[in-house]
Each structure stands twice: as structure tokens, then as C-alpha cells.
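Below, each chain spelled out in residue letters.
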Amino acid sequence: MPSWLEAGLWGLLGGSALLIGAAIAGAVQLPQRLIAAVMAIGSGVLISAVAFDLMDDAFARGGLGATAAGFVGGAALYTFGNVWLSRRGARHRKRSGTESTETQPHASEGGGGAIALGALLDGIPESIVIGISLIGGTGVSTTVVAAVFLSNIPEGLSSAAGMKKAGRSTAYIFGVWTAIAVASGLSALLGNLLLADASADLVAVITAVAAGAILAMLVDTMIPEATENTHEYTGLIAVAGFLAAFWLSKVG
């Protein structure tokens, strides 16, 4: 199987976790504390992936200068994009809150496009990293795929719950997450295909850009959701997710 096709399938797998989360939210009414706890686990998993996979790989390929520049640049790009989308209705796209007026804009307010674009903004850096990890024939990074998959389940669950309370239809919710899952697969595919012959410095910069964007996303969106209802235990739960991903990176 060509590596670009394999990358696309791994990216699609990571994105499909959004649909799993949305399906859970549609089937059962989960306690908000449980949703927040799962989000905390996903946050810990992604922090570990950023620290021990993405940044290490970027540094090994391009050194400190390229890694630092990409890392800060990725965080800045994500932040500015997130601010722009937040002002258009996507601020609480990962929230499941008790009242729709405090979480998602109502279906009639036209915030659906911003929510979809926000989810795309969150998912693209992760998927590109999956594609990059297959360059060179070393095999996909199981830690990164696991991190993306585990973090996407609570995102799909939490955001779908919030959209449902805001009056959005089941067709709309699953349509959004299906589109994002497909986009995740395409991002991984293109990341592998377009960067297959790129220089080590360029791959390092792009990997670090993705790492910076992921960390900024965690602090801006996932961690606030995690602390919403599990404030006393968020740190401990996140540590458990971090440790699990760290262990996977060492034995994988």
C-alpha cells in the first residue's frame, strides 16, 4: 500500500473518533462530569504526544531554531484563527454545558459554519502529523494516532452534546463530524504526499507548527472543558492520560 494512502486511512481513523463521540452523545445522556473527565484524559494524552513525539522529532530533524520558530508560529496561527472563529459563534464548540445559551449558539443564529470551521482548525494539525510520521518508511506513530483518536472522542461527545442542546438536528451534527473526519484523512494524505521529498528542516518546521497549534488548542478549548465540572480532579486525570501516552511512546 502506498504510504500516502496509508496515511489517509490512519488520518480517517483518527477523525472517525469524532463520530464515535457524537454517537455516544446521541444515544445516552452522559453526566457532564464524565464528559469533562474524558476530556481531561484526552488533554493529557495530547500533551504527552506534543512533548515526547512531535517536539522531539522536530528537534532531531531541524534543530532548535527551526523547532522553536515552527512551534511559536503554529501557536500564533491557531490562536488568531481561533479568535476569529470565536467571534463568529465557535467559542464554545467543545462545551457540553447545561444551558445552550451558555455553550453553542442556537441553530437559528448561524453559528454552525463557525463551529465546523473550528473543528477543522482543531483537527488539521493532528492529521498532518500523522501523514508526516509515515515519511521514510518507518511506520505510523502509534502514539500520535492514539493521542488523536482518544482526544477526538471527547471532542465529538462534548461538542455534539452542546449542539444538540442548542437545537441542531442529528443530521447536522453527524454531517459536520463526517466532513471533519474525511478532511482529517485528506490532511494526513496530503501531508504525506506533499512532504515526501521535503527537506528535513521543512518537515521539522511543519511538525513543530502542528505541535504549537495542538498545544494552543488544548489550553484554549479542551482544558477549559475539562475543568468545567471536574475542577478538583482535572490535573490527576490529565496525568493519567499523559502517563498512558508516555508509556505507549516507550513501548510502541
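Residues numbered from 1 in each chain as written. Predicted model: local features only at pLDDT ≥ 70, side-chain atom pairs only at ≥ 80, totals over all residues. Heavy atoms only, no water.

The name an unreviewed UniProt entry gives the chain is ZIP family zinc transporter, with Sphingomonas molluscorum as the organism.

Engineer: Provide a residue-level description of the overall build of the chain, including the pertinent values.
Structural biologist: Each helix and strand in the chain was counted, giving 7 helices and 0 strands. The order of helices and strands in the chain, counted from the N terminus, is α-α-α-α-α-α-α. Here the chain holds 252 residues, and 48% of them are scored as buried. Long-range contacts, defined as pairs at least 24 residues apart, comprise 85% of the intrachain contacts of the chain with a sequence gap of at least 6. Accessible area for the chain stands at about 10900 Å²; split by element, carbon and sulfur atoms hold 69% of it. (Helix = DSSP H or I, 4+ residues; strand = E, 2+ residues; numbered from the N terminus. Buried < 20%, exposed > 50% of the residue type's maximum accessible area, 1.4 Å probe, protein only. Contact = heavy atoms within 4.5 Å. Areas by Shrake-Rupley, 256 points an atom, 1.4 Å probe, with all protein chains shown as cover.)

Engineer: Provide a residue-level description of the environment of T178, including the pertinent values.
Structural biologist: With respect to the helices and strands, T178 occurs in helix 5 (residues 170-195). In the structure, T178 is positioned 162 residues away from S16 in sequence and 7.5 Å away in space, judged by C-alpha atoms.

Engineer: Tell me what's going on with the environment of G156, and back it up with residues and numbers.
Structural biologist: Structurally, G156 can be placed in helix 4 (residues 142-165). Sequence-wise, G156 and G21 are 135 residues apart; in three dimensions their C-alpha atoms are separated by 4.4 Å. Beyond its immediate chain neighbours, meaning those up to four positions away, G156 contacts L18, G21, A22 and W177.

Engineer: I'd like to hear about helix 7 (residues 234-251), residue by residue, with values.
Structural biologist: Over its 18 residues, helix 7 extends 26 Å from the first C-alpha to the last, a length consistent with the 26 Å expected when each residue adds 1.5 Å. Residues of helix 7 that are buried include every one of T234, I237, A238, G241 and A245, and no others. The buried side chains of helix 7 occupy one side of the element, clustering within an arc of 100 degrees when seen end-on. Structural note: helix 7 exposes L236, V239, L243, W247 and K250 on the side pointing more than 90 degrees away from its buried face. (Expected span 1.5 Å × (residues − 1). Arc of directions from axis to C-beta.)

Engineer: Can you lay out a nonpolar patch on the surface for me, pointing to particular residues and giving the numbers?
Structural biologist: A cluster of nonpolar side chains, contributed by M1, W4, L5, L9, L12, V182, L186, L190, L193 and L194, occupies part of the molecular surface with about 950 Å² of accessible area. Secondary-structure elements contributing two or more residues to the nonpolar patch are helix 1 (3-27) and helix 5. At 5 residues, helix 5 tops the list of elements feeding residues into the nonpolar patch. With respect to the secondary-structure elements, W4 resides in helix 1. (Patch = residues over 30% accessible without salt bridge, like charges linked within 9 Å, V, L, I, M, F, W, Y side chains within 5 Å. Salt bridge = Lys/Arg side-chain N within 4 Å of Asp/Glu carboxyl O.)

Engineer: Break down the UniProt feature "transmembrane region" (unreviewed entry) in the chain for me, with residues and values.
Structural biologist: According to UniProt, the "transmembrane region" (unreviewed entry) feature falls on residues 7-27, 34-52, 64-85, 128-151, 171-195, 202-219 and 231-249. Helix makes up 100% of residues 202-219 and strand 0%, with an end-to-end C-alpha separation of 26 Å. Taken end to end, residues 231-249 has its terminal C-alpha atoms 28 Å apart, with 84% of it in helix and 0% in strand. (UniProt positions renumbered as here; feature names shortened; annotations may be inferred.)

Engineer: Any chance you could break down the packing of helix 4 against helix 5 for me, citing the residues and the numbers?
Structural biologist: Interhelical geometry of helix 4 versus helix 5 gives an angle of 150 degrees and a closest axis separation of 10 Å. Comparing their axes, helix 5 and helix 4 come out roughly antiparallel. Helix-helix and strand crossings are classified by hand; for helix 4 and helix 5 the assignment is right-handed. Facing E155, G156, S159, A160, M163 and K164 of helix 4, the residues of helix 5 in contact are Y172, I173 and W177. (Axes fitted to C-alpha atoms, helices over the stretch in contact; angles between N-to-C directions. Parallel < 35°, antiparallel > 145°, perpendicular 65-115°, else oblique. Left-handed = near helix turned anticlockwise from the far one by under 90°.)

Engineer: Could you give me a rundown of the packing of aromatic side chains, with the residues and numbers involved?
Structural biologist: By the definition in use, this model includes 2 aromatic pairs. A ring pair is formed by F52 and F242, whose centres lie 5.7 Å apart and whose planes are at 70 degrees; its orientation type is edge-to-face. Within this pair, whereas F52 is found in helix 2 (residues 32-90), its partner F242 is found in helix 7, the two being separated by 190 residues in sequence. Accessibility expressed as a relative area gives 31% for F52, which makes it partly exposed. The rings of F52, F242 and F246 are connected pair by pair, giving a single aromatic cluster. (Phe/Tyr/Trp six-rings, centres within 6.5 Å; stacked < 30°, edge-to-face > 60°.)

Engineer: So what's going on with the nonpolar core? Which residues, and what values?
Structural biologist: Counting 30 residues, the largest nonpolar core has L46, L54, I130, V144, I214 and M222 as its most contacted members. Going through the elements one at a time, helix 2, helix 3 (112-133), helix 4, helix 6 (200-229) and helix 7 are the ones with two or more residues in this core. If near-sequence neighbours (up to four positions away) are discounted, I130 is found in contact with A7, W10, G11, V140, V144, V145, V148 and A188. Core analysis: the second largest hydrophobic core is formed by 12 residues, A25, M163, V176 and W177 among them. (Core = buried A, V, L, I, M, F, W, Y, C linked by side-chain atoms within 4.5 Å.)

Engineer: I'd like a description of the side chain of S127, backed by residues and values.
Structural biologist: Within the fold, S127 resides in helix 3. Within the structure, S127 has its side chain in polar contact with the backbone oxygen of S184 (distance 3.3 Å). Residue contacts for S127: discarding those within four places in its chain leaves S184, S187 and A188. (Polar contact = N/O pair within 3.5 Å; in protein donor to acceptor, adjacent residues only side chain to side chain.)

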